[in-house]
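Notes for the structure review
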Amino acid sequence: MVRSIAGGVVGGIAMYIIGFIFWGTPLSALAYHRADGQASANLQAALAQALTPNGTGVYVIPDPATAQGTILYGRGPVATVFYNSSGFPVTDSAALIGGFILALAVGILIALALRFVAADFGSRARLTILFAIAAVLWLHIGQSVFNHAPWGYMLYLAFSDFVALAAAGLIAARVMGHRQEAVVPPSTMH
């Protein structure tokens with residue numbers, strides 16, 4: 001069990017580092033489109049004017065819950081906006097600390113799951129890869145399929161999460177080593 005926890009911690013640290021590489025470096029520019037300075041200021045002012053009364057949340061714009069909104073939605077443009085009514089630093093230390101704790105927790109959960117379902121590195125590695133692929137396909141690529149989310153961003157997100165999940169699982173599997181099954185001596189009849 002100690003090796004499983006240790007493997008999960010090391011795997012979680014790897015997840016955190018991989019997340020930083022994909023999202024905390026200039027590499028993240030591959031995922032985003034940029035609006036110029038004036039367009040950004042105009043959009044920010046429009047968001048503050050239109051969404052602040054309702055507060056932080058996720059908004060579908062235009063809102064297809066009404067007949068008029070459905071018509072506007074069909075015409076486009078449309079947006080799904082992750083809106084936060086208050087600002088925060090670009091590099092938020094609280095988010096970095098919380099993200100590190102989350103990565104450790106996820107790494108440990110991956111390690112424990114692998115420990116309970118497979119005894120050797122090969123089996124654990126196959127499970128890790130298959131689970132990571134299934135997770136990112138459903139959770140990320142599904143957004144592009146079902147909600148028309150931008151393919152470029154979602155593919156980048158899916159790839160970054162696949163690499164992080166696979167690395168965490170493979171590292172945990174390697175650190176855990178091979179689990180010896182309990183050998184039960186044959187019973188003798190007297």
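Relevant structure appears above.
All residue numbers here refer to positions counted from 1 along the written sequence of the relevant chain. Totals for whole chains, interfaces and linings use all residues, but because this is a predicted model, local features are given only for residues with pLDDT of at least 70 and pairs of side-chain atoms are given and counted only at 80 or more. Only hydrogens and water are set aside when side-chain values are computed; all heavy atoms of the structure are taken into account.

Quick reminder: α-helices carry 3.6 residues per turn. Residues three or four places apart thus point the same way. Per the convention used, a helix needs a DSSP run of H or I reaching at least four residues, while a strand needs a run of E reaching at least two, with both numbered from the N terminus. Expected span, for any helix, means 1.5 Å times one less than how many residues it has. With 27 residues, helix α5 (residues 121–147) should reach 39 Å at 1.5 Å per residue; the first-to-last C-alpha distance of 38 Å fits that figure. Here the bend at a residue means the angle between the axes of two seven-residue stretches, the one that ends at it and the one that starts at it. Along α5, the largest kink reaches about 40° and is centred on I141. Exposure categories follow from relative accessible area, calculated using a 1.4 Å probe and restricted to protein chains: below 20% of the type maximum is buried, above 50% is exposed, and the middle band is partly exposed. Within α5 the residues assigned to the buried category are R124, A125, T128, A132, A135, V136, H140, I141, G142 and S144. Contacts: residue pairs with any heavy atoms within 4.5 Å of one another. Each element contacted by the buried residues of α5 is listed here: α4 (93–117) and α6 (151–176). Under this definition, polar contacts are N or O atom pairs within 3.5 Å; protein pairs additionally need one hydrogen-donor-capable and one acceptor-capable atom, and for neighbouring residues in sequence, both atoms have to be side-chain atoms. N-capping of α5 is provided by D120, with a side-chain oxygen placed 3.2 Å from the backbone N of G122. Downstream of α5 by a residue or two, H148 has a phi angle that is positive, lying close to 60°.

All right, on to the layout of surface pockets then. Grid points spaced at 1 Å over the protein atoms alone were grouped into cavities, where a 1.4 Å probe fits but cannot get out, and pockets, open sets with protein on both sides within 12 Å along at least five of seven lines, with lining residues defined by an atom within 4 Å of a point. Grid points are joined across faces, edges and corners, and a volume is the space filled by probe spheres set on the points. Its boundaries defined by the atoms lining it, the second largest pocket holds a volume of some 200 Å³. As for the second largest pocket, its lining consists of V106, L109, I110, A113, L114, V117, L127, T128, F131, A132 and L165. Those elements giving two or more residues to the lining of the second largest pocket turn out to be α4 and α5. The dominant element in the lining of the second largest pocket, judged by the number of residues it contributes, is α4, at six residues. When residues are sorted by character, Ala, Val, Leu, Ile, Met, Phe, Trp, Tyr, Cys and Pro go into the nonpolar class, Asp, Glu, Lys and Arg into the charged class, and all the rest, Gly among them, into the polar class. Taken together, the residues of the lining of the second largest pocket sort by class into 10 nonpolar, one polar and no charged.

Structurally, V9 can be placed in helix α1 (residues 2–23). Overall, the relative accessible area of 29% leaves V9 in the partly exposed class. Between the alpha carbons of V9 and R75 there is a distance of 49 Å; along the sequence they are 66 residues apart. For V9, the residues in contact, after removing those within four places along its chain, are L104 and I108.

This next bit is on a nonpolar patch on the surface. A contiguous nonpolar patch, built from I13, I17, F20, I21, L27, L30 and F100 and spanning about 620 Å² of accessible area, is present on the exposed surface. The element contributing the most residues to the nonpolar patch is α1, with four residues. Tracing the backbone through its elements, the reader meets I21 in helix α1. Judged by relative accessible area, which is 41%, I21 ranks as partly exposed. Patch construction takes residues with relative accessible area above 30% that form no salt bridge. Like charges are linked within 9 Å, and nonpolar side chains (Val, Leu, Ile, Met, Phe, Trp, Tyr) are linked within 5 Å. Surface exposure here means Shrake-Rupley accessible area, sampled with a 1.4 Å probe, where a residue is shielded only by the protein chains that are shown. A side-chain nitrogen of Lys or Arg and a carboxyl oxygen of Asp or Glu constitute a salt bridge if their distance falls within 4 Å.

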